[in-house]
Amino acid sequence: MYRFQMLDALTQNSKISQRSLAELCSLSVGKVNYMLNQLADEKMIVIKKSGKANRYEVTENGKEYLKNELDQLHGTKVIIHNNERKIVKQAVILAAGTKAEFDKPACLLPIKDTTLLERNIGILENNGIEKIIIVTGYKKEAFDEITALKENPAIHFVENPRYLWTGSMASLATASELLTDDFILLEDDILIEESAVTELINHEERDCLLVTQESGFGDEAFIEIQNNYLYKISKDIHQLNRIDGEMTGITKFSYEVYKEMLQLFETNKNPYVNYEYILLDVSRIINVSFLKITDLVWAEIDSYEHHFKVIDKFYPMLQRKEAEFKERELKQVIATALNIGIDKVTSVEALGGLTNRNFKVTVAGQEYAARIPGKGTEQYINRLDEKVNSEITSRLGINPEVIYFNAETGLKIVRFIPDAETLNPKTGTREDNLIQVASIFHTLHTSGETFNARFDVFEKITEYETLLEVLNGVLFDGHDAVKQQVLELEEYYKSLNIKPVPCHNDPLAENFVKSGEEKMFLIDWEFSGMNDPLWDVAAYIIEAELSPAEEKLFLLEYFNGDVTTAGLQQLLLNKIFLDFLWTIWALMKEAGGEDFGSYAFTRFTRAQNNLQEYQNHYKGYEILGKI
């Protein structure tokens, strides 16, 4: 360090005195004298007499030493992160800029059956992003016309009112009050593969550019890499020693680097500066990494010509590639689970599913059904309990054989049901099907088995209300009044001391699958647990929308003809409880971004009606007898 300081000082003043040199380098005069002689011995300086004083000339060796030290110094970066990778939960979409040819923001242009914005929001949410900040400016009122955006609790809008007189850094700075952690940035006019965004979000480096090879779209921002980190960014190809990639308009930022950028921007004198160049300035002292994907399908929409090419060429190409990728990805998941080669998984076919993704897969000539859990289900589903309960019901013969179940990921593979016919609310009311459903319930409820966990509706109500509050969801008007009545009934209900038995707890008609005419299975045991058996019975009656006559037939089958008035009272209590619970569940799912239409409201009003019926028929009376 002192050697560098002394040589640097001597290049600027060859006639400096040893005392002045000592003060400059914070050394004693004796130490300075010793080091000057050592530098002369190493041929880094030449000491020449100039009257009574000395003159110190730095040699070529000394100059080379200084150059090497300066290069190393310039290559030294500040380390602001520990080595732990952070999970990214926030995103910014820059949508303030204007495009001369468009009468709306580029992200709202139609792309076949969607828009750029809808697609990119879906990609972000699929990758665990919980807060999406959209920076508006040009034609900001166009966003108000999209109801789905206003109703999505993950979406937050901020405005750059000076978008005509500022660059993209000013727009990014407007998000500062909402950003609280690492985030991913997307420019609004970019169409890109979902897998690329996933890979960037999961990249080990917290500050990382997504780059690809030169596209030829026009207005490209090229980068040059040095020592595996960002070195230069320029739209002028002549300013780079080499082109290592082209920026795609998608970048992952650490919160610390973002704050450094904001500090630099505060002293900036050019309002038109773009965020890339502020990031480049920060990269002089902090390493910024890159992820290069060379075979990337992507496009930027700056004109109607670009828009046409996206619709005609890039989007169909992207859809084909993503479909192939997702099928290959699923095949690999199945192959890994079953410990076989991927070539053994010969076909994958999508099946239905309200929350989960379900597939029919063929493996070495055998057919299986695979279930991949829906996003967010881990918050309210215990997969270990489901695994244990699924295996029990497989042994009972009312659930397909479980081939594989991962209690951590929720991936489930079961033997495919041959000649499968899934019930629906219409076919679920037929007498032959009602008889088989009642038989399955009877087998389950009288099996003597013990399921993992207890399904306690009152605990679930509290759990779902808590999750709803976390998601900033909204309850219906009148919720508190209904809840108060439910809690009053809880005390009486618990006094009945009903013995819990194994229950499915979510027996939609669609969860019953026939195999031919003689065999029926009950699938999807996510909510299963020990519970009142009449919960299952009440749930099926409601979900299949049985008429009073069909309900009476169903109850006669289930109870073997012995239907008591006390049993009907217990059944009505369960109807009230389950409608109230699934109301809150549906509101919770909607607060998480899913659309359940009128499902929650229908449940809530039916709970209110059944509460009134209970008041009319049972309140204050001891119930005995049969129908």
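Below is a summary of the structure that appears in this document. Keep in mind that this is a model prediction, so the values were computed, not measured.

1. Description of the overall build of the protein
Stage number 1. Along the backbone of the protein there are 19 helices and 25 strands.
Stage number 2. Computed over C-alpha atoms, the radius of gyration of the protein comes to 34 Å, more than 25% over the 25 Å expected from 2.2 N^0.38 for 627 residues, which places it beyond the range of a compact globule.
Stage number 3. Judged by the C-alpha coordinates and their principal axes, the protein covers about 130 × 60 × 55 Å.
Stage number 4. Here the protein holds 627 residues, and 49% of them are scored as buried.
Stage number 5. Taking all contacts inside the protein whose residues are at least 6 apart in sequence as the whole, residues at least 24 apart take part in 72%.
Stage number 6. Accessible surface computed for the protein: about 31,000 Å², of which carbon and sulfur atoms make up 49%.
Stage number 7. Considering the protein, the positive charge centre built from 66 side chains and the negative charge centre built from 98 side chains are found 7 Å apart.

2. Observations concerning the sheet that holds strand β24 (residues 519-522)
Hydrogen bonds between backbone atoms are what pair the strands of a sheet, whose relative direction is either parallel or antiparallel.
Stage number 1. Pairing in this open sheet of 3 strands is antiparallel, and the strands run β21-β23-β24 from one edge to the other. At either end of the open sheet lies a strand with only one pairing partner, and these are β21 (420-422) and β24. Averaged over all adjacent pairs, the angle separating strand axes in this sheet is 30°, with direction ignored.
Stage number 2. Taken strand by strand, helix α13 (residues 431-445) contacts β23 (512-515) and β24, and its axis lies near 55° from that of β24.

3. What about the pairing of strand β19 (residues 402-405)?
Stage number 1. Strand direction decides the pairing type here: β19 and strand β20 (residues 412-415), joined by 3 bridges, are antiparallel. Paired with F405 across the two strands is K412, which belongs to β20.
Stage number 2. Adjacent in sequence and paired antiparallel, β19 and β20 are bridged by 6 residues, among which G410 carries a positive phi angle near 85°.

4. What to know about the sheet that holds strand β16 (residues 345-351)
Stage number 1. Reading across the sheet, the 5 strands line up as β16-β17-β18-β20-β19 and stay open at both edges, with antiparallel pairing between neighbours. With one partner strand each, in any of the chains shown, β16 and β19 form the two edges of the open sheet. Shown here is a sheet whose adjacent strand axes are inclined to one another by a mean of 20°, direction ignored.
Stage number 2. Most of the contacts of helix α12 (residues 383-396) go to β19, to which it runs at about 170°, and overall it touches β18 (366-372), β19 and β20.

5. Overview of unusual backbone geometry
For residues besides glycine, phi is generally negative; the peptide bonds are generally trans as well.
Stage number 1. The phi dihedral of K43 falls on the positive side, at around 60°, and the residue is not glycine.
Stage number 2. Locating K43 in the fold gives a position in the loop between α3 (29-41) and β1 (45-50).
Stage number 3. The exposure class of K43 is exposed, given its relative accessible area of 56%.
Stage number 4. Positive phi, normally seen in glycine, also occurs at N472, with a value near 60°.
Stage number 5. Along the chain, the position of N472 falls in the loop between α14 (457-470) and α15 (479-495).

Cut-offs applied
- Throughout, a residue's number is its position along its own chain's written sequence, starting from 1.
- Local features in this predicted model are restricted to residues whose pLDDT is 70 or higher, and side-chain atom pairs enter the listing and the counts only when it is 80 or higher, whereas totals over whole chains, interfaces and linings include all residues.
- Heavy atoms throughout the structure, all of them, feed into the side-chain values; hydrogens and water do not.
- Under the DSSP-based scheme used, a helix requires at least four consecutive residues in state H or I and a strand at least two consecutive residues in state E, with every element numbered from the N terminus.
- Values of the radius of gyration come from C-alpha atoms, whereas the globule rule sets the reference at 2.2 Å times the count of residues to the power 0.38.
- Type-normalised accessible area, obtained with a 1.4 Å probe on protein chains alone, sets the label of each residue: buried when under 20%, exposed when over 50%, and partly exposed for intermediate values.
- When checking whether two residues touch, look at their non-hydrogen atoms; a contact exists if any pair is within 4.5 Å.
- Working definition of accessibility: Shrake-Rupley area with a 1.4 Å probe, residue cover restricted to the visible protein chains.
- When charges are counted, Lys and Arg are positive and Asp and Glu negative, with His and the chain ends excluded.
- Lysine's charge is taken at NZ, arginine's at CZ, aspartate's at CG and glutamate's at CD.
- Should DSSP find at least two bridges between two strands, the strands are regarded as paired.
- Every axis in this analysis is a line fitted to C-alpha atoms, fitted for helices over the stretch in contact. Angles between the N-to-C directions lie between 0 and 180 degrees.

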